[in-house]
Amino acid sequence: MPKVITRFAPSPTGFLHIGGARTALYNWLFAKRHGGDFLLRIEDTDRARSTEAAISAISSGMEWLGLNWSGDAVSQFERSSRHREVAESLLEKGAAYKCYATAEETAAVRAKAREDGTAFRGDMWRDKTPDAETAARPYAIRLKMPREGSTTIDDLVQGTVTVENTELDDMILLRSDGTPTYMLAVVVDDHDMDVTHVIRGDDHLNNAFRQYQVLSAMGWDIPAYAHIPLIHGPDGKKLSKRHGALGVDAYAEMGFLPEAMRNYLLRLGWSHGDDEIIPTEQAIEWFNLENIGRGPARFDFDKLDNLNAHYLRKMNSEEILPLVKNELEKSVGQALSDIEQKRILRAMPTVAERAKRLPDIVEGASLFCNIRPLSLTEKAANTLSGQEAMIGGVANELAAVTNWTAEMIKAAIMSFAEARDLKLGKVMQPIRAAVTGGAPSGDLVDLLEILGQEEVLGRLSDQAAA
RNA sequence: GGUCCCUUCGUCUAGUGGCCUAGGACGCUGCCCUUUCACGGCGGAAACACGGGUUCGAGUCCCGUAGGGAUCACCA
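As the structure is a prediction and not an experimental result, all values here were calculated from the model. (Residues numbered from 1 in each chain as written. Chains lettered and ligands numbered in written order. Predicted model: local features only at pLDDT ≥ 70, side-chain atom pairs only at ≥ 80, totals over all residues. Heavy atoms only, no water.)

**Q** Describe the pairing of strand S9 (residues 197-201), naming the residues involved and giving the relevant values.
**A** The buried count for S9 comes to five of five residues, which makes it a mostly enclosed element. By the bridge criterion, five bridges tie S9 to strand S10 (residues 224-228) in an arrangement that is parallel. Paired with arginine 200 across the bridge in S10 is histidine 227. You can see the chain leave S9, run along helix H7 (residues 205-218) and come back into S10, and the turn it takes is right-handed. (Buried < 20%, exposed > 50% of the residue type's maximum accessible area, 1.4 Å probe, protein only. Helix = DSSP H or I, 4+ residues; strand = E, 2+ residues; numbered from the N terminus. Pairing = 2+ DSSP bridges. Right-handed = clockwise from strand over helix to strand, strands pointing away.)

**Q** Account for the packing of aromatic side chains, with residues named and values stated.
**A** Scanning the model with the defined rule gives ten aromatic pairs in all. Seen from their ring centres, phenylalanine 299 and phenylalanine 301 are 5.1 Å apart, and the 75 degrees between their planes marks the pair as edge-to-face. Look at phenylalanine 299 and you get buried, because its relative accessible area is 3%. Among the aromatic residues, those joined into a ring-pair cluster are Tyr251, Phe256, Tyr264, Phe299 and Phe301. Note that arginine 47 overlies the ring of phenylalanine 77, its terminal NZ or CZ placed 3.6 Å from the centroid. When the ring centre of phenylalanine 120 is taken as reference, the NZ or CZ atom of arginine 110 above it lies at 5.0 Å. (Phe/Tyr/Trp six-rings, centres within 6.5 Å; stacked < 30°, edge-to-face > 60°. Lys NZ or Arg CZ within 6 Å of the ring centre and 35° of its normal.)

**Q** Account for helix H17 (residues 406-419), with residues named and values stated.
**A** Here H17 spans 20 Å end to end across 14 residues, near enough to the 20 Å set by a 1.5 Å rise per residue. What H17 keeps buried is the set Ala406, Ile409, Ala412, Ile413, Phe416 and Ala417. One side of H17 carries all its buried residues, which in axial view fall inside an arc of 135 degrees. More than 90 degrees from the buried face of H17, the exposed residues found are Glu407, Glu418 and Ala419. Buried residues belonging to H17 abut helix H16 (388-399), helix H18 (424-436) and helix H19 (444-451). Of the residues trailing H17, aspartate 421 is marked for its positive phi of about 60 degrees. (Expected span 1.5 Å × (residues − 1). Arc of directions from axis to C-beta. Contact = heavy atoms within 4.5 Å.)

**Q** Lay out the pattern of salt bridges with the relevant residues and their values.
**A** A full pass over the atoms with the stated rule returns 25 salt bridges. With a closest N to O distance of 3.8 Å, aspartate 44 and arginine 47 form a salt bridge. With a shortest N-O distance of 3.0 Å, aspartate 305 and arginine 357 are connected by a salt bridge. You can see aspartate 305 sitting in helix H11 (residues 301-314) and its partner arginine 357 sitting in the loop between helix H13 (338-353) and helix H14 (358-366), a full 52 residues away along the chain. Judged by relative accessible area, which is 9%, aspartate 305 ranks as buried. Here the salt bridges do not stand alone but share partners, grouping Arg7, Arg41, Glu43, Arg79, Arg82, Glu85, Asp189, Asp190 and Asp192 into one network. (Salt bridge = Lys/Arg side-chain N within 4 Å of Asp/Glu carboxyl O.)

As C-alpha cells, then:
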C-alpha cells in the first residue's frame with residue numbers, strides 16, 4: 001500500500017465547527033495510524049464568502065485540538081490556473097463541452113425537472129453547436145457525463161453504493177467567468193496532492209459519484225472514500241447555532257480540554273468495543289474506518305463534561321494552574337500573591353476532583369485567595385444563623401493554636417466541642433459555612449490548614465460579628 | 001418530489017444467526033462511604049421502530065411500511 005495521505009479541506013466561510021473538527025480528527029488519526037501525512041487545504045474558491053478571519057479561526061482551532069498538518073496549508077484559489085488547465089484538457093478530449101445557457105434558461109430547466117420528478121441533467125447544450133452569434137457569448141464548461149451504465153463507489157464507511165449514470169448531471173467545471181468550481185477543484189487538488197483516502201462528511205457522498213467521473217475522464221486513480229455521518233444537535237435536527245454548532249474556540253472558552261474534546265469527538269460515531277476513555281495515543285493505535293457508525297450522532301454536553309472531568313482529575317496541579325491563572329486573577333481582581341498561589345497548588349487536587357470545566361476550578365481555587373468578606377449562599381447563611389457566638393468561641397480556640405497543622409487544628413476543634421458537649425458535626429458545619437461561604441470544598445481541616453491561621457481567623461470573625 | 005443513506009435504553013454505542021432473559025458509558029435513581037460537596041463502591045429503572053418472510057433458531061439475513069438524514073447551484 002502506498003503511503004497514506006489524508007486531508008482536511010474546509011471552506012473558510014466561518015469558524016471550525018464541531019462536525020468539521022471531528023472530520024479533521026478522523027483524517028488526522030487515520031494518517032497517524034498508518035504513518036502517513038495529514039494535509040490541510042483551504043477551499044477558498046468562493047471569493048465572496050471566504051475570509052481571512054475564517055482561515056485563522058480554522059487553523060487556531062486545529063492547533064488547539066492538537067491536529068498538526070504536514071507542510072503549509074494549500075490555498076485552492078491559488079491553484080485555479082491548474083484547474084482551468086484540466087478543464088481545457090477535458091474539453092479537448094471531448095469529455096466536456098461548452099454550455100451557453102443563461103441563468104434563466106438553466107433555472108427553467110431545473111424547475112421543470114423538479115416538477116416532473118426527474119433528475120436535473122444540465123445538458124441544454126450537450127451535443128449542440130452554437131451559431132456564430134451564440135459562440136461569441138461567454139460559456140461555461142460542463143462535464144459530459146456518461147449516459148449508460150452506473151457508477152459504484154466502494155465507500156469504506158457506507159459500503160458499496162451504486163447510482164445510475166442517468167441520475168448524474170453534466171456539472172459545471174469552469175464557470176462562464178473562467179473560474180473553476182469546487183467540483184473540479186477538489187478532484188484536481190486531491191489528485192495533485194496524492195491524497196489516498198478522502199474522509200469527509202456524508203453530505204459529499206452524492207458528489208463522489210460525479211467526481212468519480214471527472215477522475216475517470218482524466219484517467220486518474222480513484223482514491224478510497226469514507227463518508228462519515230454528520231453530527232446533529234441534541235434534538236436530532238441538523239446542528240444550528242443553538243446547539244453545538246459553535247466554533248471549537250467556543251469550547252476552549254467554555255473550559256474544555258483538548259484531550260477531552262478529542263476523546264469525545266472520537267467516540268461520537270466511532271467505537272472500540274466497550275472502551276470509553278481513549279487517550280489520543282491509544283486512539284492512534286486503534287483508529288480505523290470500519291468501526292465508524294452509519295447513522296448521524298447527536299451532540300451531548302453531559303458526556304463531554306464527564307470526559308472533561310475525567311481528564312481534569314488526571315492532571316497535575318502544576319499543569320492546571322497556568323490554564324486557569326488568568327481567569328482566576330480576573331475573578332479575584334488582582335494578581336495572585338505567592339502565598340495564594342502556594343495555597344492553590346496544595347488545594348488543587350481536591351478542587352479539580354469536583355470540577356467539570358475550567359471555570360469550576362477558578363471558582364474552587366478562588367476560595368484560597370484573600371477574598372474577605374465572603375458572600376454566603378443561602379444554605380450557608382441558614383447554617384450560620386444563631387451560631388455567631390459559637391463561631392466566636394471557635395475563633396478564640398483556634399487563635400490559641402501555636403503550631404498551625406492539621407493535627408493541632410483538629411485537636412483544638414475537638415476540645416472545643418467536648419468542652420461544650422457538642423457533637424463534632426455541630427461545630428464543623430458552621431465553621432465550614434463561615435470559611436467557605438457554602439462553596440463546595442474538601443476536607444475541612446485540610447482546608448483550614450492550607451488557608452492559614454490568619455485568613456481563617458479573619459473569615460470566622462467576619463461571621464462572629466454578624 | 002427524484003436519488004442515496006440510516007434506524008438497539010433519553011443520549012453515545014457493543015452486538016456480524018444460537019454465548020442476548022441484549023452488554024458498556026453518560027444522564028436519572030436507591031444504598032454505602034462521609035463533618036459539607038465531590039470522588040469511589042454496590043444496586044435499580046431504561047432499548048432491538050413496525051409488519052411480513054427465510055431458518056430448527058433473527059437484534060443479527062430478505063421484503064414492505066413508517067420515521068430520520070443527505071443531496072438535487074455558474075456554494076463549497
